[in-house]
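# Structural overview for review
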Amino acid sequence: MIRRLARIALPAWPWLAASLLARVAGLAAGVALLAVPAWGAVVAVDGDLDVVLLAVVLVSLAAAKGVLRYLEQFLGHRAAFDLIADMRLRFYDAVVPLAPGELEADSGTLASIAARDIDRVEVFFAHTIVPALAAVLVPGAVTAWAFLTGPVEGAVVLGAFLVGGAVVPLLGRRASARAARGLLAERAAIAQHVAEDVAGRAEIRALHAEETRLAALDDLSARAGRHLRASGLVQAQRAFAGLLWPSAAVLALLALGAAAPEHRLVLAAAVIGAAPALTAVEAFARSLPLALAAARRYLGVLDRVPAVADPVRPSVLPEGPLPVRVDAVRFRYPGSDAPVLDDVSLDVPARGRVALLGPSGSGKSTIASLLLRVHDPEHGRVLVGGVDVRDLALGDLRRAVALVEQRTVLVSGTVLDNLRLGAPRLTEAEAWSALEDASLADDVRAHPDGLDARVAEDALSLSGGQRQRLGLARALARRPRVLVLDEATSHQDVLTQRAIRLAIAKRPDLTAVVIAHRADAVAGMDRVIRLRGRPVRSRKTLTPHDRAPQARNADCAAPTPEGD
Ligand SMILES: Nc1ncnc2c1ncn2[C@@H]1O[C@H](COP(=O)(O)OP(=O)(O)OP(=O)(O)O)[C@@H](O)[C@H]1O
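Residues numbered from 1 in each chain as written. Predicted model: local features only at pLDDT ≥ 70, side-chain atom pairs only at ≥ 80, totals over all residues. Heavy atoms only, no water.

Rules: UniProt positions are given in the numbering used here, feature names are shortened, and annotations may be inferred rather than shown by experiment.
Looking at an unreviewed UniProt entry, the chain carries the name ABC transporter ATP-binding protein, with the source organism given as Microbacterium betulae. According to the UniProt record, the Subcellular location (unreviewed entry) comment for the chain is "Cell membrane".

Next comes the structure, spelled out in structure tokens:
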């Protein structure tokens, strides 16, 4: 995993190397800032200290330390921003093909990976590895200097740095890793909870469930707080030990060393000067488990293979009106035992107007999602224009088949922006025509801004019925060849439903599938297909009527007269 992450971070390495140089030089300046005055004190005892020279050297060292620190930060951030942009682009590239079928449940988790986890991995690479490497180089140089001073001095300094660099950061390692894992999981759960609250705010208020939801959020926060406290405790212990070891090293150098006292004094100052470099090891030890856990979740998304993908060599849809056929389809949702659809077949001829009726949960919307290849069936085929949808480029399929659902999600912007969502080159005349067909033109015309009237995602100014009609107009604006209306006129009054049906009837080449619960919502269709309850039973239960070529495991009824 580390190797894979390192490969992802490859373009950032030159910046990181430059940042490392700046950090090492800055730390060396910090060591010198303490060692030089110690050396000055030794020289002053003999009375030949050039105070002006000492002052110039110290001021230069302090200024250099500041400049080098700035350079280190600048170069590190340069690498960080490149890395963060690249990681997010890879993330979105991996997520887009998963939508919509595989992203239904975990939008909060994905948001947390896109924001927090990527930040964590980036912080690890851009702001943790460089200090950790410097934490080896600078104390290494001071240790070599100590051995040159004397073996005892060398041993004391080496021992001190090993305690500071290897023992202190490992204090409470297991507890820290446990807390890191727990914290990540709780934060993802909090993000998911908040995402659900935002999406379902209307329902929560209507159900008067604010207190319950807040209490559940408090529970999650309390659990996250417990992990945070556990991690804080470990950090406090490490910080305390981090103060102890340099002091012990100075005392040991002064008490045990065999070299001249002035050399030991300068060396002791150098050890204190190099000690801050080792705090990076502690940060490294702290952020490593967090970064690994975050990286695992991030790479997990990158590794998700979309269940539905474009074929290598896509087939082309035939010209003209398109028939739709569902052929002996079995489908179960991922993670579910029972199939929602089992051996279901139905035929919709080109230009056909077919209603799909059935009780709630019988699988009507699932059939609609199979037509658009949101999912693929585990057995059987779905054919549009005689071509298996798995052989079509997803873009071609979704341009040809439009789905309008009961709940319309509008994007922020104007009415025209929403109509152009699936048809970017839509002219204003075409937009008005789609609005006419969806019986929404009068409502838009009545607004002073007309097509430029703004609708927000929560579309407070639009009624549920108007939202539905805007969703329908948006689908019609794309001039689809197959239109699937899934309870898409459920919020409309009888007259509006009739007007919409008549508008669809004016598009003779359109193949339409209208999904509804009740027969009265689909008057005027050529044929009605009834899906039975869930799960749809095997073909042994077929009635003689079902053996008609149009439908299996679904009952065909005679056309219903236009009754409104
Ligand atoms: N994303 C999903 N994951 C798991 N199971 C699902 C999912 N969506 C639907 N189901 C299951 O599939 C069954 C059929 O759902 P579907 O939405 O296709 O029925 P429907 O006939 O359109 O119902 P309704 O008329 O209430 O919209 C549901 O009862 C549900 O148990």
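Text resumes after the structure shown.
### A few points about the overall build of the chain
Note the cut-off: Counting from the N terminus, the helices are DSSP H or I runs at least four residues long and the strands are E runs at least two residues long. Here the radius of gyration uses the C-alpha set of atoms, whereas the globule reference equals 2.2 Å times the residue count to the power 0.38. Here's how the labels work: a residue is buried when its accessible area is under 20% of the maximum for its type, exposed when over 50%, partly exposed in between, all with a 1.4 Å probe on protein chains only. Contact criterion: two residues are considered in contact whenever any of their non-hydrogen atoms come within 4.5 Å of each other. In short, Shrake-Rupley with a 1.4 Å probe defines the accessible areas, and a residue's cover is counted only from the protein chains shown.
Secondary structure assignment for the chain yields 16 helices and 13 strands. By the compact-globule yardstick of 24 Å for 564 residues, the chain is too spread out, its C-alpha radius of gyration being 35 Å. For the chain, the spread of C-alpha atoms along the three principal axes comes to 115 × 60 × 55 Å. Looking at the chain residue by residue over its 564 residues, the buried ones come to 46%. Expressed as a percentage of contacts within the chain between residues at least 6 apart in sequence, the contacts between residues at least 24 apart total 77%. Of the roughly 27,800 Å² that the chain leaves accessible, carbon and sulfur atoms contribute 62%.

### Comments concerning the environment of Arg264
Under the convention used in this document: Polar contacts here mean pairs of N or O atoms no more than 3.5 Å apart (in protein, one a potential hydrogen donor and the other a potential acceptor; neighbouring residues in sequence count only if both atoms are side-chain atoms).
Take Arg264: it is sitting in helix α9 (residues 261-303). Judged by its relative accessible area of 11%, Arg264 falls in the buried class. Each C-alpha atom of the pair Arg264 and Ala38 lies 9.8 Å from the other, and the pair is 226 residues apart in sequence. In this structure, Arg264 is in contact with Glu153, Leu253, Leu254, Gly257, Ala258 and Ala259, ignoring residues within four places of it in sequence. Side-chain polar atoms of Arg264 contact the backbone oxygen of Leu253, separated by 3.4 Å.

### Some remarks on the side chain of Gln466
Note on placement: Gln466 falls in helix α15 (residues 464-477). Judged by its relative accessible area of 16%, Gln466 falls in the buried class. Here the side chain of Gln466 touches Asp443 through a polar contact of 2.8 Å, side chain to side chain.

### Brief notes about the environment of Val324
Here Val324 is to be found in strand β1 (residues 324-331). A relative accessible area of 3% places Val324 in the buried class. The sequence separation of Val324 and His263 amounts to 61 residues, and the corresponding C-alpha distance is 90 Å. Those residues in contact with Val324 that sit more than four places away from it in its chain are Leu346, Asp347, Val348, Leu371, Leu383, Val384 and Val482.

### Focus on α15
In plain terms, the rule: What a helix is expected to span follows from its residue count: subtract one and scale by 1.5 Å.
Helix length check: α15 (14 residues) gives 20 Å between terminal C-alpha atoms against 20 Å at 1.5 Å per residue, within 8%. One or two positions beyond α15, positive phi appears at Arg479, with a value near 50 degrees.

### Observations concerning the domain arrangement of the chain
This is how the line gets drawn: In this document the domain limits rely on a domain assignment from an automatic tool or a database.
Taken domain by domain, the chain holds domain 1 (9-303) and domain 2 (324-557). Each of domain 1 and domain 2 has a C-alpha centre, and these two points are 54 Å apart.

### So, a positive patch on the surface
Stated formally: Only residues whose relative accessible area exceeds 30% and that take part in no salt bridge are eligible for patches, with like-charged residues grouped when within 9 Å of each other and nonpolar side chains (Val, Leu, Ile, Met, Phe, Trp, Tyr) grouped when within 5 Å. Think of a salt bridge as a Lys or Arg side-chain nitrogen and an Asp or Glu carboxyl oxygen that are within 4 Å of each other. For the purpose of counting charges, residues Lys and Arg are taken to be positive, whereas Asp and Glu are taken to be negative. His and the chain ends are not included. Note on charges: their place is set at NZ of Lys, CZ of Arg, CG of Asp or CD of Glu.
Residues Arg173, Arg174, Arg178, Arg181 and Arg296 make up a contiguous surface patch of positive charge. Per-element tally for the positive patch: the top contributor is helix α6 (residues 173-199), with four residues. With respect to the helices and strands, Arg296 occurs in helix α9. The class for Arg296 is exposed, based on a relative accessible area of 53%.

### Points about unusual backbone geometry
We note that Asp343 has phi near 60 degrees; this positive angle belongs to a residue other than glycine. Looking at the element boundaries, Asp343 is found in strand β2 (residues 341-348). Overall, Asp343 belongs to the buried group, its relative accessible area being 8%.

### Let's talk about the environment of Pro131
In this fold, Pro131 is placed in helix α4 (residues 107-149). Between the alpha carbons of Pro131 and Ala280 there is a distance of 5.5 Å; along the sequence they are 149 residues apart. If sequence neighbours within four positions are ignored, Pro131 has contacts with Arg23, Ala277 and Ala280.

### Looking at the packing of helix α5 (residues 151-167) against helix α8 (residues 210-256)
Definition in use: Interaxial angles span 0 to 180 degrees and are taken between N-to-C directions of axes, which are lines fitted to C-alpha atoms, for helices over the stretch in contact. Reported orientations rely on four angle classes, namely roughly parallel under 35 degrees, roughly antiparallel over 145, roughly perpendicular from 65 to 115, and oblique for the rest. Classification used: nonpolar for Ala, Val, Leu, Ile, Met, Phe, Trp, Tyr, Cys and Pro, charged for Asp, Glu, Lys and Arg, polar for all others including Gly.
Two elements in contact, α5 and α8, have axes separated by 10 Å at closest approach and are oriented at 170 degrees. Comparing the axis directions of α5 and α8 gives the class roughly antiparallel. Facing Val152, Glu153, Val156, Val157, Ala160, Phe161, Val163 and Gly164 of α5, the residues of α8 in contact are Trp245, Ala249, Ala252, Leu253 and Leu256. Grouping the amino acids of the contact of α5 with α8 by side-chain chemistry returns 11 nonpolar, one polar and one charged.

### Section: helix α3 (residues 51-95)
Across its 45 residues, α3 extends 65 Å between first and last C-alpha, which sits within 8% of the 66 Å expected from 1.5 Å per residue. Of the residues that open α3, the one with a side-chain oxygen 3.2 Å from the backbone nitrogen of Val52 is Asp50.

### A few points about the packing of aromatic side chains
To be explicit about the condition: Note on aromatic contacts: the rings of Phe and Tyr and the six-membered ring of Trp form a pair at centre separations within 6.5 Å, being stacked when their planes are under 30 degrees apart, edge-to-face when over 60 apart, and tilted otherwise.
Enumeration according to the criterion identifies six aromatic pairs in this entry. With centroids separated by 6.3 Å and ring planes inclined at 15 degrees, the aromatic side chains of Tyr70 and Phe74 adopt a geometry described as stacked. Highlighted residues: Tyr70 and Phe74, both in helix α3, separated by four residues, approximately one helical turn. By relative accessible area, Tyr70 is classed as exposed at 57%. Its relative accessible area of 43% is what places Phe74 among the partly exposed residues. With a centroid separation of 6.5 Å and 15 degrees between ring planes, the pair formed by Phe91 and Tyr298 is classed as stacked.

### Describing the nonpolar core
Stated precisely, the cut-off is as follows: Buried Ala, Val, Leu, Ile, Met, Phe, Trp, Tyr and Cys residues form a nonpolar core when they are joined through side-chain atoms within 4.5 Å.
Judged by nonpolar contacts, the single largest core of 38 residues is most densely connected at Val415, Leu419, Leu435, Leu451, Leu472, Leu483 and Leu485. The element contributing the most residues to this core is α15, with six residues. Apart from the residues lying within four places of it in its own chain, the contact partners of Leu419 are Leu426, Ala431, Leu435, Leu451, Leu470, Ala473, Arg474 and Ala477. Grouped together as the second largest cluster of nonpolar side chains are 35 residues, Ala12, Val31, Val138 and Ala146 included.

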